[in-house]
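# Per-entry structural report
One-letter residues, chain by chain:
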Amino acid sequence: MKYLMTFSYNGTYYDGYQIQNDKNTIQGVIEKNLTKINSNNKVKMSASGRTDKGVHAINQKAHFILDKNVDENKLKNALNKLLPDDIYIKNIIKVNDDFHARFNVIKKEYIYKINIGEYNPIEKDYIFQYNKNLNINKIKEATKYLIGTHNFKGFTKVDEEKETYIRTIYDIELSLDNDILTFKFIG
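### So, the pattern of salt bridges
What the rule picks out here adds up to five salt bridges. Residue K53 is joined to D15 by a salt bridge in which the shortest nitrogen-to-oxygen separation is 3.7 Å. Note that K53 is positioned in the loop between β2 (46–47) and β3 (57–65) and D15 in the loop between β1 (2–9) and α1 (26–37), a separation of 38 residues in sequence. For K53, a relative accessible area of 62% gives the class exposed. Taking the shortest distance from any N to any O, the salt bridge between E141 and K144 comes out at 3.3 Å.

Right, dumping it as structure tokens:
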């Protein structure tokens, strides 16, 4: 049976989402616990995307297959009991066998927060502590050049090779509230 899971996590103490040898990753922790639920038969997840070390997710999506048919709510509750408290399963639904969490994505939303006010050690794991003034009007003007379909190779690692670097950004929203500059990218 194939399931689609929506989950959130605090990535502070993880080496990113994707499984890496001898590293503590979100995918590794969830798969280990799904495998327990699946009578110790290995479970592999496919996510809609991945995050880097220290990055958080609010509504990450991934699909996986279990050898047995399990009630979605019972599966969600059982998994949440096994997972550490910095990973939380929000929802699990059954999906068709041809569904794929990565290839059926229509849009993704990314949120970045920058503190341009006084340094805040409590928020340092969640909000970038730039702590200097920025010209918001110039930033808003510059974001107009990112909207549309472009080659984003310049934003990747030098040694990273992909089939294509062409991506579309549909919208960029900026807001400033109590010295926190929030960027929302929809692409």
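Moving on from the model shown.
### Details of the packing of α1 against helix α2 (residues 72–82)
Between two packed helices, the angle of one axis relative to the other and the distance separating the axes together describe the packing. Contact geometry of α1 with α2 gives a least axis separation of 10 Å together with a crossing angle of 125°. In terms of their interaxial angle, α1 and α2 are classed as oblique. As for how α1 packs across α2, the hand of that crossing is right-handed. Two secondary-structure elements touch here, α1 through I30, N33, L34 and I37 and α2 through L75, A78, L79 and L82. Residues belonging to the contact of α1 with α2 are distributed by class as follows: seven nonpolar, one polar and no charged.

### What to know about the pairing of strand β9 (residues 171–177)
Bridge count for β9 against strand β10 (residues 180–186) is seven bridges, and the pairing is antiparallel. Looking at the pairing, I172 lines up with F185 of β10. The turn linking β9 back onto β10 is made up of two residues, and N178 within it adopts a positive phi angle of 50°.

### Some thoughts on helix α3 (residues 136–143)
Those residues of α3 lying buried are I136, I139 and T143. Projection of α3 onto a plane perpendicular to its axis shows the buried side chains occupying an angular sector of 60°, all on one side. More than 90 degrees from the buried face of α3, the exposed residues found are N137 and K138. At its buried positions, α3 is contacted by β9 and β10.

### Quick look at the nonpolar core
Among the nonpolar cores identified, the biggest contains 25 residues, and M5, F7, I30, M45 and F64 are the most heavily contacted of them. Of all the elements in the fold, those that place two or more residues in this core are β1, α1, β3, α2 and β4 (87–94). Considering every element that reaches this core, the biggest residue donor is α1, with five residues. Look past the residues within four positions of M45 in its chain and what remains in contact with it is M5, F7, Y17, Q27, I30, E31, L34, A62, H63 and F64. Core analysis: the next-biggest nonpolar cluster, separate from the first, contains eleven residues, I139, F152, I169 and I172 among them.

### Re the sheet that holds β2
The strand order across the open sheet formed by four strands is β2-β3-β1-β4, and the pairing between neighbours is antiparallel. On the outer flanks of this sheet lie β2 and β4, each paired with one strand and no other. Of the pairings in the sheet, the one linking β1 to β4 comprises seven bridges and is antiparallel in character. When the sheet's bridge partners are listed, L4 is paired in β4 with I93. Contacts between α2 and the sheet are confined to β1, β3 and β4, with β4 contributing the most and set at about 160° to the helix.

Calculation rules
Residues numbered from 1 in each chain as written. Predicted model: local features only at pLDDT ≥ 70, side-chain atom pairs only at ≥ 80, totals over all residues. Heavy atoms only, no water. Salt bridge = Lys/Arg side-chain N within 4 Å of Asp/Glu carboxyl O. Helix = DSSP H or I, 4+ residues; strand = E, 2+ residues; numbered from the N terminus. Buried < 20%, exposed > 50% of the residue type's maximum accessible area, 1.4 Å probe, protein only. Axes fitted to C-alpha atoms, helices over the stretch in contact; angles between N-to-C directions. Parallel < 35°, antiparallel > 145°, perpendicular 65-115°, else oblique. Left-handed = near helix turned anticlockwise from the far one by under 90°. Contact = heavy atoms within 4.5 Å. Nonpolar A, V, L, I, M, F, W, Y, C, P; charged D, E, K, R; others polar. Pairing = 2+ DSSP bridges. Arc of directions from axis to C-beta. Core = buried A, V, L, I, M, F, W, Y, C linked by side-chain atoms within 4.5 Å.

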